[in-house]
Amino acid sequence: MISDWRFRRGDPIVVLTGAGISRESGLDTFRDIGGVWSKVKLEDVATPEGYARDPQQVQDFYNARRAQLTEAAIQPNAAHRALAALEAEWRGPVFLVTQNIDDLHERAGSRSLLHMHGELRRVRCTACGDNREEAGAVTIADVCPKCSAIGTRRPDIVWFGEMPYGMDRIYEALVDCELFISIGTSGTVYPAAGFVTEARAHGAYCLELNLEPSHGASMFHRVLNGPATELVPRLVE
Ligand code: BJW
């Protein structure tokens, strides 16, 4: 379908994904009814201040979500797989920027991928910067395997007030792309919510795929509403 439009196979594409793409894999979104922020206060678990107040509460929250990723039922869905197929088949660059901290895109086969809000399966030492994969639970009594500091291993997650990863690379790609596709994000959290403005200002065609119109829907040239597992495979077939 993409190639039915004005795009040539080889035009650069940037895809932004949010929690909605993983919803049909069994992971909660944040702001929908029953979402993550209806169960915990974001100030407690997704800010540096919350972590300073009660680090073990924050570790417990991320330990539970890290463990959930290893459940057999949590698997990449047809939308994750379709984006991996797009990257494999399109002749030009397909740069996938995800706000998600799960690993479903890489498990589906995406390779040109940036986790701008960090990764659930990584921890970072606040003393020496050591950043490594962690499959299990983390506690505030942990010792950093690199510098031996105690209690310095925090989830490698970008919390509110912190700088997301890869911003220079992302803005370069937004300036160069011919097509910007936003999938499964409410468009409420910056800087990701502003990517459509940037891409559009530099001439990209902007397409939104979401269950419902997002907060930024009016910025897109075209908006398709429905579940990601239906819309994304149809787009790339
Ligand atoms: C489906 C579906 C299906 C469901 N199919 N669709 C005032 C104005 C402007 C900005 C600010 C401000 N005050 C503060 C700020 C900055 C702040 C911010 O944006 N706050 C807003 C709340 C106002 N941002 C930051 O602090 C960021 N850092 C920053 O700005 O640094 C400075 C900077 C300056 C200049 C340049 C660059 C940087 C950091 C933000 C960190 C966000 N972290 C979180 C938590 C991660 C940890 C965790 O997972 O616990 O990231 S918050 C949470 O929201 C998570 C997500 O990645 C992020 C976005 O959520 P997402 O993915 O959009 O999910 P939902 O639930 O909101 O939406 C899901 C959508 O899917 C819905 O629309 C559904 O309809 C849809 N859907 N099922 C298709 N089956």
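See the structure shown above.
Everything in this summary refers to the structure shown in the same document.

Conventions adopted
- Residues numbered from 1 in each chain as written.
- Predicted model: local features only at pLDDT ≥ 70, side-chain atom pairs only at ≥ 80, totals over all residues.
- Heavy atoms only, no water.
- Helix = DSSP H or I, 4+ residues; strand = E, 2+ residues; numbered from the N terminus.
- Rg over C-alpha atoms; globule rule 2.2 N^0.38 Å.
- Contact = heavy atoms within 4.5 Å.
- Areas by Shrake-Rupley, 256 points an atom, 1.4 Å probe, with all protein chains shown as cover.
- Lys, Arg positive; Asp, Glu negative; His and termini not counted.
- Charge placed at Lys NZ, Arg CZ, Asp CG, Glu CD.
- Phe/Tyr/Trp six-rings, centres within 6.5 Å; stacked < 30°, edge-to-face > 60°.
- Buried < 20%, exposed > 50% of the residue type's maximum accessible area, 1.4 Å probe, protein only.
- Lys NZ or Arg CZ within 6 Å of the ring centre and 35° of its normal.

### Brief notes about the overall build of the protein chain
Argument step 1. A tally of regular secondary structure across the protein chain gives nine helices and nine strands.
Argument step 2. In summary, the protein chain has a C-alpha radius of gyration of 18 Å against a globular reference of 18 Å for 237 residues, a match within 12%.
Argument step 3. Seen along its three principal axes, the alpha-carbon backbone of the protein chain occupies a region of about 55 × 35 × 30 Å.
Argument step 4. In the protein chain, of all internal contacts separated by at least 6 residues, the share reaching a separation of at least 24 is 65%.
Argument step 5. Surface accessibility of the protein chain: about 11000 Å² in total, with carbon and sulfur atoms responsible for 51%.
Argument step 6. The positive charge centre, built from 25 side chains, and the negative charge centre, built from 32, are 2 Å apart in the protein chain.

### A word on the packing of aromatic side chains
Argument step 1. Going through the model one piece at a time under the given rule, you end up with seven aromatic pairs.
Argument step 2. Ring centres of Phe7 and Tyr205 lie 5.8 Å apart, and the angle between their planes is 65 degrees; this geometry places the pair in the edge-to-face category. Taken together, the residues Phe7 in the segment before β1 (13-17) and Tyr205 in strand β8 (residues 205-210) connect sequence positions 198 residues apart. Take Phe7 and Tyr205: they sit in the same class, and that class is buried.
Argument step 3. When the centroid spacing of 5.2 Å and the interplanar angle of 40 degrees are considered together, the rings of Tyr51 and Trp159 count as tilted. Taken together, the positions of Tyr51 in helix α3 (residues 48-53) and Trp159 in the loop between β6 (153-157) and α7 (167-176) put the pair 108 residues apart, joining distant regions of the chain. The two residues Tyr51 and Trp159 agree in class, both being buried.
Argument step 4. Ring pairs connect the aromatic residues Tyr51, Phe61, Tyr62 and Trp159, which therefore count as one cluster.
Argument step 5. Above the plane of the ring of Trp159 lies Arg154, whose end atom (NZ or CZ) is 3.9 Å from the centre.

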